[in-house]
Structures are given as C-alpha cells and as structure tokens.
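As a plain string of letters, each chain reads:
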Amino acid sequence: MDAGSPRLPDTVLFEIFLYLDHADVLSVGLVCQQWRAVARDEFLWKELFYRYYRVSRDVPRHPGAVSWYDEFQRLYDTIPCVEVQALKEHNDQVLHLSFSHSGCLFASCSKDCTVKIWSNELDISLQHSSNMRPYNWSYTQFSQFNADDSLLLVSGVFVGPHNSSSGEIAVISMENFTLLSRVRNKPYDVFGCWLNETNLISGNLHRIGRITSCSVLWLNNAFQGVESENVNVVKRLFKIQNLNASTIRTVMVADCSRYDSPDLLLDYEEQLAASSTCPTFDLGSDSEEEEAKPKPPPEPAVQELPDAGGVPAEHGLQQLFDDIMEGRMRPAMTETELETKVAELFVRNRTKPPEPNLLPTDSKSKTKYLIFTTGCLTYSPHQIGIKRILPHQMTTAGPVLGEERRSDEFFDSLDHVIDIHGHIIGMGLSPDHRYLYVNSRAWPRDCVISDPMQPPPIAEEIDLHVFDLKTMKEVKRALRAHRAYTPNEECFFIFLDVSRDFVASGAEDRHGYIWDRHYNICLAKLQHDNVVNSVAFSPVEQELLLTASDDTTIKVWRSPRAVRVRQARRPRPRKLLFSWLMNQKS
C-alpha cells in the first residue's frame, strides 16, 4: 500500500486479517506499511490472537512472550508440523518411540520384533538394529533410556496363545549394543521403567481366584548376569491385591524434587503467587465455563470398605459364610459377587496402611512416585494408582522379599487413587514431572458396572486429562481433537509425549496431534496413512517431533523456523555455468 492509497481504518484492516491464513498474516505484515503500524498496536494483536485461536480471554499471555505479536508468531513458527523425513526401515507396525536424554539417539519398537537405534543428526540415520525373535519374543512394544543414556530398557511380548499375557524386559548396553540381562514381566503391558541409573521395575501377576489376583512389582538390577553371584539383583517393592479382574499396568516413575520449580505452571493463581518471588512460566487459567464445569474430586488415599460397626474383618468373613450357609443372604449372590466380597473382607485386615503425608513438603526431597494404571470395577484400566517409593527402597540391597511383614500387612495399599471414569489408553509426564497427562476414552455418564467382565462402551473421542502431582488434582479442562475406534476388548495403548510448551499424542484417526500447554488449544494435525501409535519430542529441541504409525513409517517433523535454519546450514551447490567458467580460466 503506497502513500497515495486510501487508508483503511485499523479496525477494518484487522477484520480482513482475521480471514487470512496464519502464515499470510505474518508474511503480508512484512510488506504492508499500514500493517507495520498496526503490528505495533498491542491491543489489536491481542484481539487477533484471541479471536484467531478462539482462546478464552481469561487466559493471560504467555509470560515468556514480549508481545502478542510474538505469541502469534511463536504459535506459527515453532510448531513441529513440517515433515522433513520419513524413515521406512521397519517392515511392520511401529509401536513406540523414545529419545535419549541427550537427544542424540532415539529408539523405535515394532511388530517386526526389532528395536532400532537411530542417530539424530542433520539427517537421521539408522545406527543399530536388534532382532528379539531368537529370545522367543513376538514383538517389541516399548523402550526407555536410563538417566545417563548408557543403557536401554526394551519391553516385549512373548510368543504364545492369543490370550497370553506374558512379556519380558531386556537391557541393552549402548556402548556396544550387547544384551546385558532379561527379566520376566507379567502382564506384558506393565511395560517396565527405570527407577534410577541401574535399577528397573518389572511386574508379576499371581491369580488368586477367577477375577481376583495379586500384582507384585519387583526392583531389578540391570547387570544381573555379572553381579548375581555376589549381591542381590532383585527385590520385591510392592504387593497389591487386584479385584474384579483388574491388574496393574503401565508403570512409570515421577521424581518429586522439582515440584516447587516447574518449567511451567498450569494453575493461574499459583503462577501469580510464584511470579512475585521468582520468574516462572504460566500456562494460563481456566475460563469461566471451565471453572463452572464440575471436576471429579480425587479418590480418597485408600479405598476402604464401610466400617460395618467396627466388626473385625475376620468376624465379617465368618458372618458372611454363616449367612450363606443358613440362607440369610438375600438376594442370592452370584459367584463373581461372592468372590469379590470375600476378597474385600480378607484384604481389610491384611493390608499395610498408606504412607502418611504423601505430598512432598521438602523441595530437595528424594522421594519418587510409582505411577500405574489399575482399577476396582472391571478389567479395563480406569484408575491411576500412586505409591510413594522411599529412599531406602531404591536399591536391591537387603532381603529379596523386602522388609519383614506382619500377618496384617500381607498387601500394600495405594497412597492415592485417581478415578478417570473411562478406559485409560495413554500416560505421559511433563519434563519436570510436575504434571501427568492421561489419554482416556470416557464411559457413559452414570453407567453401572454389574459384571467386571463386561465394561461399559467407550467413547470414540479421546480426552487428554491433566493432573497436578503436587496437589493430586485435575487442572484445566481435558484437551480434545483426537479419536479412536476400537472397542474395549481390542483397545490398545496410544503413547503421548510432553515438552516444555507442547503436548502431542497419536490417534486412531491416522493423525498425530499437537496442543499448546499454555493456551490449551490444538495447533497441528500430522498425517499418516494409518493409526499413529506413538509420538516423541526431542528433550533438547521441542521443535523436533517424531511420529510412529501402523503404516510402518516413522515421520520426522520440524518447525518452520527449524526448517529455515537447516536449509541455511546446507552447503549450496555451485551453479553449472559458474563451474564451467572457472574450468575455462584454468
């Protein structure tokens, strides 16, 4: 627009830009003199931002941003939404991705029963591939690097009957890619995880009845073959009773030491209080609609049976048997109901009480949380269990079965339970371990479960919940956009990942998704040709994202800004004419 052109009112120009593509707004703004003046108007950019992204006006600007224009540019320029490479070395569905803490390597697991190690350079390349079929594995499903990136935990599923639930964990050295140890893992979807640099957690399952079982979580030394002759290499951590066909699955460990200094705060009031003492990032507040929306209260630390007038569990069990034998039990109980009732009565006086003061009060606390999916109503995982791991429990030294237990402490209780009211299909921690993100597919409202083997139908829409592990409360409203279609009995895990500013997830609708953690908005859809099973941000560069799919490919996504930087770094080939002239001179 030249100096002689009629000048549009700023408000009209603003309305025009609302209809432009995001990139067009920024590019046109560079050449339009009038828009350059408007770009200095913070009020207009604020209005544009709220209306373009449909963000509640209660949400403040990201405190790391200098202006609303910068925020508008950040949400366009730093989202890893440009596909730069497709890795096709797997020949079956790719199920999981994990980065090393340094960001230099990442691992991929697949139905082709290999775990592949990739070098994350300017162009990603395959560094090593391990075939696990010689160990009678059916496929690899999960991997995790230890804290110093010297070891890789790989979880897989054994070859067996269709309903087999057995798996195994392997530990691979990153120095020479040798297999160091193997640990049984049941059920296989416990996955396993590192507790520290040399110790990992696995699971085992013992059937007590048709729908009652006991899950035992074990601490294992990664160097079992080397050290087993001299020191203990395993130790029992926890022993937890399962009711109504539920089991413990998907274990992970959260470090509590950074809860008072997180990378980002999701609670606006807490952020305001913290900003007066130290600079922090803020993820905004809930809107009035969100505040008005009722949030399910957290479950009590221990789910107990009614006191029954102070009658001891032994007397209650005897009374139950007497009532059954003498025909006083009305209405008659089914076999399943009877088994559950007996198990509940038995466990009442056979469970160690929860640890007091679950929430850490010392910012330098070495306490860690063991987090896992569980349930109490049906076999589909619908609760998150949290158990505190104390410092003396973080080593395999001591008795293999742990500390001696009294007869009334046969089982361990959970320190906290979060009820999701739906089928949990994914979990991930924020980099500071302050927030837990949970993918779930909701049950119908007010549904009643009468048969634990017949869970309620689940929604196609996936809810991405956010829980504050410092307060044990849900924060913000659930993120939505992604979908899944498989029924309960075929439902599978969809892995998500969290960076400082973004959260990403796979989906069954052939897309990966990225949301902004501050504004709670969906920013990008990343296309594949089949189900997207896993996503992974680089821990040192959140503008790099990987997605893995049933289409057998791993796609590499970078932000528009990162693509420009990469292109600038590449050496430009000399033009043919210039090369010919130089040859003529010589």
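Basis of the calculations
- Residues numbered from 1 in each chain as written.
- Predicted model: local features only at pLDDT ≥ 70, side-chain atom pairs only at ≥ 80, totals over all residues.
- Heavy atoms only, no water.
- Helix = DSSP H or I, 4+ residues; strand = E, 2+ residues; numbered from the N terminus.
- Buried < 20%, exposed > 50% of the residue type's maximum accessible area, 1.4 Å probe, protein only.
- Contact = heavy atoms within 4.5 Å.
- Areas by Shrake-Rupley, 256 points an atom, 1.4 Å probe, with all protein chains shown as cover.
- pLDDT = per-residue confidence, 0-100.
- Pairing = 2+ DSSP bridges.
- Axes fitted to C-alpha atoms, helices over the stretch in contact; angles between N-to-C directions.
- Salt bridge = Lys/Arg side-chain N within 4 Å of Asp/Glu carboxyl O.
- UniProt positions renumbered as here; feature names shortened; annotations may be inferred.
- Phe/Tyr/Trp six-rings, centres within 6.5 Å; stacked < 30°, edge-to-face > 60°.
- Lys NZ or Arg CZ within 6 Å of the ring centre and 35° of its normal.
- Arc of directions from axis to C-beta.

A. Broad picture of the overall build of the protein chain. Across its full length, the protein chain holds twelve helices and 32 strands. The buried share of the protein chain, reckoned over its 586 residues, is 52%. Considering only contacts in the protein chain between residues 6 or more positions apart, those separated by 24 or more positions represent 60%. For the protein chain, the exposed area adds up to about 27700 Å²; of that, 52% sits on carbon and sulfur atoms.

B. Layout of the confidence of the model for the protein chain. On average, residues of the protein chain score 81 in pLDDT, and 72% of them are at 70 or above. The model gives residues 1–13 a pLDDT under 50, and that stretch makes 14 contacts with residues more than four places away or in other chains. Within the model, pLDDT remains below 50 along residues 276–311, and this stretch shows 82 contacts once partners closer than five positions in the same chain are excluded.

C. Summary view of the pairing of strand S8 (residues 167–173). Within S8, seven of the seven residues are buried, leaving the element largely enclosed by the surrounding structure. The alternating pattern of S8 places Gly 167, Ile 169, Val 171 and Ser 173 and Glu 168, Ala 170 and Ile 172 on opposite faces, both of which are buried. Alignment of strand S7 (residues 151–158) against S8, held across seven bridges, turns out to be antiparallel. Of the residues in S8, the one forming a bridge with Leu 151 is Ser 173. Direction of pairing for S8 relative to strand S9 (residues 179–185): antiparallel, over a ladder of six bridges. Its bridge partner being in S9, Gly 167 is matched across the sheet by Asn 185. Between the antiparallel neighbours S8 and S9 lie five residues, among them Phe 177 with a positive phi of about 60°.

D. Structural detail: the sheet that holds strand S19 (residues 383–389). Within the open sheet, the four strands sit side by side as S14-S18-S19-S21. Their pairing is antiparallel. The open sheet has two free edges, formed respectively by strand S14 (249–255) and strand S21 (416–419), since each of these has just one partner strand. Adjacent strand axes in the sheet meet at a mean angle of 20° when their direction is disregarded. Where S14 and strand S18 (residues 368–374) come together, five bridges link them in antiparallel fashion. Bridged to Ala 254 within S18 is Tyr 369.

E. Structural context of the sheet that holds S8. Sheet architecture is open: four strands sit in the order S6-S7-S8-S9, paired in antiparallel fashion. Every interior strand has two partners, whereas the edge strands, strand S6 (137–145) and S9, have only one. On average, each strand axis in the sheet is tilted by 25° relative to the strand beside it, whichever way the strands run.

F. Region of the structure containing the environment of Leu 266. Mapped onto the elements of the fold, Leu 266 is located in the loop between strand S15 (264–265) and helix H7 (268–275). Classification of Leu 266 as buried rests on a relative accessible area of 3%. C-alpha separation for the pair Leu 266 and Lys 476, spaced 210 residues apart in sequence, amounts to 7.5 Å.

G. Geometry of the pattern of salt bridges. Scanning the model with the defined rule gives 18 salt bridges in all. Here the residues in one salt-bridge network are Glu 71, Arg 74 and Asp 516, joined through shared partners.

H. Summary view of the UniProt feature "repeat: WD" (unreviewed entry) in the protein chain. Mapped onto the present numbering, the UniProt feature "repeat: WD" (unreviewed entry) falls at residues 87–119 and 525–557. Counted over residues 525–557, helix gives 0% and strand 70%. Its end C-alpha atoms are 11 Å apart.

I. How the structure looks around the packing of aromatic side chains. Per the stated rule, a full pass over the model turns up 20 aromatic pairs. The interplanar angle of 40° and the centroid separation of 5.5 Å between the aromatic rings of Phe 142 and Phe 191 together place this pair among those described as tilted. Taken as a pair, Phe 142 in strand S6 and Phe 191 in the loop between S9 and strand S10 (193–194) lie far apart in primary sequence, 49 residues in all. Ring pairs connect the aromatic residues Trp 45, Phe 49, Tyr 50, Tyr 52, Tyr 53, Trp 68, Tyr 69, Phe 72 and Tyr 519, which therefore count as one cluster. Here Lys 111 stacks its cationic end above the ring of Tyr 139, 5.0 Å away from the centre of that ring.

J. The side chain of Asn 196, seen in detail. Note that Asn 196 resides in the loop between S10 and strand S11 (199–207). For Asn 196, a relative accessible area of 17% corresponds to the buried category.

K. Up close: helix H11 (residues 560–569). Within H11, burial applies to Pro 560, Ala 562, Val 563 and Arg 566. Down the axis of H11, the buried side of the element spans an arc of 160°, and every buried residue falls inside it. Relative to its buried face, H11 has exposed residues pointing more than 90 degrees away, namely Ala 568 and Arg 569. At its buried positions, H11 is contacted by helix H5 (68–77), strand S1 (82–87), strand S31 (541–549) and strand S32 (554–558).

L. Here's a closer look at the pairing of strand S22 (residues 422–429). Here S22 lies mainly inside the structure; eight of its eight residues are buried. Bridge count for S22 against strand S23 (residues 435–442) is seven bridges, and the pairing is antiparallel. Across the sheet, residue His 423 finds its bridge partner in S23, namely Arg 441. Linking two consecutive strands that pair antiparallel, namely S22 and S23, is a turn of five residues; a positive phi of about 65° is found at His 433 within it.

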